[in-house]
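# Fold and contact review
One-letter residues, chain by chain:
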Amino acid sequence: MKKPYLIGIAGGTASGKSTFTSQMEELLSDLDLHVFHMDSYFKPADVRPKAAAPVTGKIYLDDNCPETIFHEKLREDLAQEVQAGHDVIIIEGLYALWYDWLYEQLDLKLFIDCQADERIVRRLKRNMSQRGLSFDEIAEVYLDMVRYRHTQYIEPTKWRADLILNGSTPSSLTDKMLTSFIRANI
């Protein structure tokens, strides 16, 4: 049985990870492709870690640290899908390049980079429209926690990537180059 080609796609909140993954799914639709969205592995609120904001000291559910993900379950599910004979498996999420056990399995490591101001605007739009949160609720948690956790956990994984992609201005040339590269390596 052949080993699937494993791709990790990381980046900050609202950097374009899911959008890029959807583009890759479309461009590779003729292949047997499986996608893991790490957001599907968030622990329930009652067991999710809590943390104090560095400046205000306010306590938040800490959705922005690696312990908030059921990575053991992701590991089990990934092992199962590796055995399923897929051509390509994509794992996208904040921590796709964080966990050593996952990083060591990846054939291609991508980081979607995007300026912080653009990410906060995207996060505001998304969380207001999809989650019904107010501007103040979103801005408070971002300014109190998310930006600090980004510096602590997400930004360092950029330097573990094989390629850093522009999340502000997606490129069809990049898409073509990556899909050609992936096809050549499966």
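All figures in this text were calculated on a predicted structure; none of them were measured in a lab.

Let's shift gears to the pattern of salt bridges. With the rule as written, the count across this model stands at 12 salt bridges. One salt bridge in this structure joins Asp-62 and Arg-149, with 2.4 Å as the shortest N-O distance. In this pair, Asp-62 sits in the loop between β4 (59-61) and α2 (71-83) while Arg-149 sits in helix α5 (residues 135-154), placing the two residues 87 residues apart along the sequence. There is no split in this pair, since Asp-62 and Arg-149 are both buried. Here the salt bridges share partners, and the residues they tie into one network are Asp-113, Glu-155 and Lys-158.

A few words on the side chain of Lys-43. In this fold, Lys-43 is placed in the loop between β2 (33-37) and β3 (50-52). No salt bridge is formed by the buried Lys-43; its nearest oppositely charged neighbour, Glu-72, is found at 5.5 Å. Engagement of the side chain of Lys-43 in a polar contact is seen with the backbone oxygen of Glu-67, the distance being 2.8 Å. Those residues in contact with Lys-43, other than ones at most four positions away along the chain, are Arg-48, Glu-67, Thr-68, Ile-69 and Phe-70.

Let us look at the nonpolar core. Met-38, Leu-78, Ile-91 and Tyr-95 are the most contacted members of the largest nonpolar core, which totals 24 residues. Of all the elements in the fold, those that place two or more residues in this core are β1 (5-11), α2, β5 (88-92), α3 (100-103) and α5. For this core, the leading source of residues is α2, giving three residues. Sequence-distant contacts of Tyr-95, that is, excluding residues within four places in its chain, are made with Met-38, Asp-63, Asn-64, Cys-65, Pro-66, Ile-69, Tyr-153 and Ile-154. Judged by nonpolar contacts, the second largest core, of 17 residues, contains Tyr-5, Ile-7, Leu-108 and Leu-178.

This next bit is on the sheet that holds β1. Strand order in this open sheet of five strands is β2-β5-β1-β6-β7, and the pairing throughout is parallel. Both outer strands of the open sheet, β2 and β7 (163-166), are each paired with one neighbouring strand and no more. Recorded for the sheet is a direction-independent mean angle of 20 degrees between the axes of neighbouring strands. Judged from the five bridges that link them, β1 and strand β6 (residues 108-113) form a sheet pairing that is parallel. Note on β6: the bridge partner recorded for Ile-7 is Leu-108.

With respect to the helices, strands and loops of the structure, Gly-11 is situated in strand β1. Since its relative accessible area comes to 0%, Gly-11 is described here as buried. Separated by 70 residues in the primary sequence, Gly-11 and Glu-81 have C-alpha atoms spaced 23 Å apart. Apart from residues lying up to four places away in sequence, Gly-11 is in contact with Lys-17, Gly-93, Leu-94, Phe-111, Ile-112 and Ile-154.

Examined against the element boundaries, Thr-21 turns out to sit in helix α1 (residues 17-27). A residue is classified by how much of its surface remains accessible, and Thr-21, at 0% relative accessible area, is buried. Apart from residues no more than four positions distant in its own chain, Thr-21 is found in contact with Ile-9, Val-35, His-37, Ile-90 and Glu-92.

The subject of this paragraph is the environment of Glu-92. The residue Glu-92 is located in strand β5 in this model. Between the C-alpha atoms of Glu-92 and Phe-111, which are 19 residues apart in sequence, the distance is 9.7 Å. In this structure Glu-92 touches Ile-9, Lys-17, Ser-18, Thr-21, Phe-36, His-37 and Met-38, once residues within four positions along its chain are discounted. Polar contacts involving the side chain of Glu-92 include one to the side chain of His-37, which spans 2.6 Å.

Turning our attention to helix α6 (residues 172-185). With 14 residues, α6 should reach 20 Å at 1.5 Å per residue; the first-to-last C-alpha distance of 20 Å fits that figure. Buried within α6 we find Asp-175, Leu-178, Thr-179 and Ile-182. The arc enclosing the buried residues of α6, seen along the axis, measures out at 100 degrees, which places them on a common side. Exposed and facing more than 90 degrees away from the buried side of α6 are Leu-173, Lys-176, Met-177 and Ala-184.

The rules we used
- Residues numbered from 1 in each chain as written.
- Predicted model: local features only at pLDDT ≥ 70, side-chain atom pairs only at ≥ 80, totals over all residues.
- Heavy atoms only, no water.
- Salt bridge = Lys/Arg side-chain N within 4 Å of Asp/Glu carboxyl O.
- Helix = DSSP H or I, 4+ residues; strand = E, 2+ residues; numbered from the N terminus.
- Buried < 20%, exposed > 50% of the residue type's maximum accessible area, 1.4 Å probe, protein only.
- Lys, Arg positive; Asp, Glu negative; His and termini not counted.
- Polar contact = N/O pair within 3.5 Å; in protein donor to acceptor, adjacent residues only side chain to side chain.
- Contact = heavy atoms within 4.5 Å.
- Core = buried A, V, L, I, M, F, W, Y, C linked by side-chain atoms within 4.5 Å.
- Pairing = 2+ DSSP bridges.
- Axes fitted to C-alpha atoms, helices over the stretch in contact; angles between N-to-C directions.
- Expected span 1.5 Å × (residues − 1).
- Arc of directions from axis to C-beta.

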